[in-house]
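# An overview of the molecular structure
Residues per chain are reported as follows:
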Amino acid sequence: MRKVNQICCIGAGYVGGPTMAVIAKQCPEIKVNVVDINQKRIDQWNGENLDELPIYEPGLKEIIGETRGRNLFFSSDVDTAIDNAELIFISVNTPTKTYGKGKGQASDLKYIELCARNIAKVAKSDKIVVEKSTLPVRTAEAIKSILDNTGNDVNFEILSNPEFLAEGTAVEDLLSADRVLIGGAETESGREARNILSWVYEHWLPKERILQTNVWSSELSKLVANAFLAQRVSSINSISALCEKTDANIAEVSRAIGFDSRIGPKFLSSSVGFGGSCFQKDILNLVYIAKSFGLNEVADYWEQVIIMNDYQKKRFADNIVSTLYNTVSGKKIAFYGWAFKKDTNDTRESAAIYVADLLLDEQAEITVYDPKVNAETIYKDLDYLNSRDPEENRKLLTVVSDPMEAAKDAHAVAILTEWDEFKTLDWNSIYNDMLKPAFLFDGRRILDKEHMEEIGFKFYKIGQS
Ligand code: UDX
Ligand code: ADP
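Sequence order as written defines residue numbering, which begins from 1 separately in each chain. For this description, chains carry letters from A and ligands carry numbers from 1, given in the order in which they are written. With pLDDT at 70 or above as the cut-off, local features in this predicted model cover only qualifying residues; side-chain atom pairs require 80 or more to be listed or tallied, and sums for whole chains, interfaces and linings still use all residues. The basis for the side-chain values is all heavy atoms of the structure; hydrogens and waters are excluded.

Stated precisely, the cut-off is as follows: UniProt positions are given in the numbering used here, feature names are shortened, and annotations may be inferred rather than shown by experiment.
The name given to the chain in an unreviewed UniProt entry is UDP-glucose 6-dehydrogenase, and the organism recorded there is Flagellimonas eckloniae. In UniProt, the chain has this text filed under Catalytic activity (unreviewed entry): "UDP-alpha-D-glucose + 2 NAD(+) + H2O = UDP-alpha-D-glucuronate + 2 NADH + 3 H(+)".

Structure below.
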């Protein structure tokens, strides 16, 4: 079977960076070039201080330290890397469209298309092109058509190899993946391409965990896997609202239903709402695809998962306002956490952004502390919503690097991300520094109600009365 010596990955982001680092680690004989048009990002990947990589993931800096300069290289010379590689991964961003047809639902494929055109322009020999970004079904077909019609008469095989890593555990997820999915054409050259990509993963994963399918099944499976996971979170969050009105406790309900082996215990933690770059985007894609085939009931069914998630974020913000005597105007509220989950500096679609936005509408003064997210990102997230003047965002919201400072003289603390360090903060001192009565809103269910009430907090926990 054909093997490959050089791989190229276009896009050095949350997917491309960790995935290529792990491939380089596990396949020392393959040269892996990761390229990006964003020079600043490449410089950060090449930076001397491994604590300043552009992406924070547990275990990543160690792998970068081992492989960078050995068989892993970061560069902005996209064309050379394409030319030299036999296998090209496309891992560029595919945000939800903010304009035109499919606005707010369909994925914006302009970056993918630019990539495909670039490959077509540069490639002088046969290539296997792997779509790694999350994409709507039938994107592979579009990539193939661009490549075949503008290329220099070389043969392109397109594979779909969706990403299943979760941020915060990316390295572990890649090293011991439940499964790898490879979709490709049912032709001889398609099967050969699938086997070559499978061979890369077989360096460290048992063959039976590498599933081969046709391209569309692979693309659709990615959307469906994320829709199912998000649906579990929305389902449990819908029940959390009911628990708050009754004496049921959501943790006990989760545990009780999770013990049923048909249901299972994972993805049943109630929270202020799911975030991240995949769940919402993938469901919106599914909804858009269903609608475009006239399957309105199917579209509505999945859309409800997002409606429930929006409701959960709003419910959390509304609860803060009503608890603080129906006005938060001019009141200081400390946010602990801005990332969409712990152990990542990614903030895309984070619940914190929407909760902050709702509170800023009420003229609250917010102070944010997150151990890994910087002020620039936080303001960018808020400005992107376009709810008010950027200046107003900077006036009302401050970012600090110390949780004690964030809570000083605050009326309330709200926990938006489940960072481990929040569990061991000196909550007595925090309480002492706050205005009284001191309110604490736990949107991530990480603190013990009894203990916090003993300290003196007026304590609210999602899913518990
Ligand atoms: C997800 C998928 O898990 C991954 O397979 C896919 O490749 C990309 O999308 P990710 O978005 O990185 O990964 O994080 P994930 O761990 O799935 O969490 C998504 C959101 O759901 C987070 O905001 C998280 O806090 C929330 N969540 C998760 C809950 O609120 N409760 C849970 O029980 C689990
Ligand atoms: P993801 O979570 O999907 O990895 P990111 O936004 O973290 O998304 O990363 C995508 C990367 O792809 C960005 O660093 C962006 O600069 C890069 N990118 C987008 N378009 C191109 C392109 N045409 N050529 C090279 N890199 C690109």
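### So, the site of ligand 1
To keep it simple, the criterion reads: For this purpose, a residue is taken to be near a molecule or strand whenever a single non-hydrogen atom of the residue falls within 4 Å of it. Polar contact is defined as a pair of N or O atoms within 3.5 Å, subject to the rule that within protein one atom must be able to donate a hydrogen and the other to accept it, and that residues adjacent in sequence are counted only when both atoms are side-chain atoms. With residues, only the protein chains shown are counted as cover, and all accessible areas are computed by Shrake-Rupley using a 1.4 Å probe.
Taken together, 20 residues form the shell around ligand 1, and within it Phe-164, Glu-167, Ser-269, Ser-271 and Arg-444 come nearest. The backbone of Leu-268 places a nitrogen or oxygen atom 3.3 Å from an oxygen atom of ligand 1. At 2.8 Å from a nitrogen atom of ligand 1 is found a main-chain nitrogen or oxygen belonging to Ser-269. Considered on its own, ligand 1 offers 660 Å² of accessible surface; in the complex 91% of this is hidden by protein.

### Some thoughts on empty space enclosed by the protein
For clarity, the cut-off: Note on definitions: the grid is 1 Å and covers protein atoms alone; a cavity is a set of points where a 1.4 Å probe fits but cannot get out; a pocket is an open set with protein on both sides within 12 Å along at least five of seven lines; lining residues have an atom within 4 Å of a point. Grid points are joined across faces, edges and corners, and a volume is the space filled by probe spheres set on the points. Note that Gly is not counted as nonpolar here; it falls among the polar residues with everything else outside the nonpolar set of Ala, Val, Leu, Ile, Met, Phe, Trp, Tyr, Cys and Pro and the charged set of Asp, Glu, Lys and Arg.
All chains considered together, the criterion is met by 1 cavity of 30 Å³ or more. Approximately 50 Å³ is the volume found for the largest cavity. Considering the residues around the largest cavity, the lining is formed by Glu-131, Ser-133, Leu-135, Ser-160, Pro-162, Glu-219 and Lys-222. Across the lining of the largest cavity, the residue classes break down as 2 nonpolar, 2 polar and 3 charged.

### A word on the sheet that holds strand β11 (residues 397-399)
Under the convention used in this document: Strands are labelled as partners when DSSP assigns at least two bridges between them. Think of it this way: any DSSP run of H or I at least four residues long counts as a helix, any run of E at least two long counts as a strand, and we number them from the N terminus. Note on geometry: axes are C-alpha line fits, over the in-contact stretch for helices, and angles between N-to-C directions span 0 to 180 degrees. Note on contacts: a residue pair is in contact if any heavy atoms of the two residues lie within 4.5 Å.
Taken together, 6 strands build an open sheet; the order of strands is β11-β10-β9-β12-β13-β14 and the sheet is parallel. Since the sheet does not close on itself, it has two edges, and those belong to β11 and β14 (458-461), each with one partner. Looking at each pair of strands side by side, their axes are set apart by 20 degrees on average, direction ignored. Both strand β12 (residues 412-415) and strand β13 (residues 439-442) contribute to a ladder of 4 bridges, which runs parallel. When the sheet's bridge partners are listed, Ala-412 is paired in β13 with Phe-439. Across the sheet, helix α14 (residues 375-385) is in contact with β10 (365-369) and β11; its angle to β11 comes to roughly 155 degrees.

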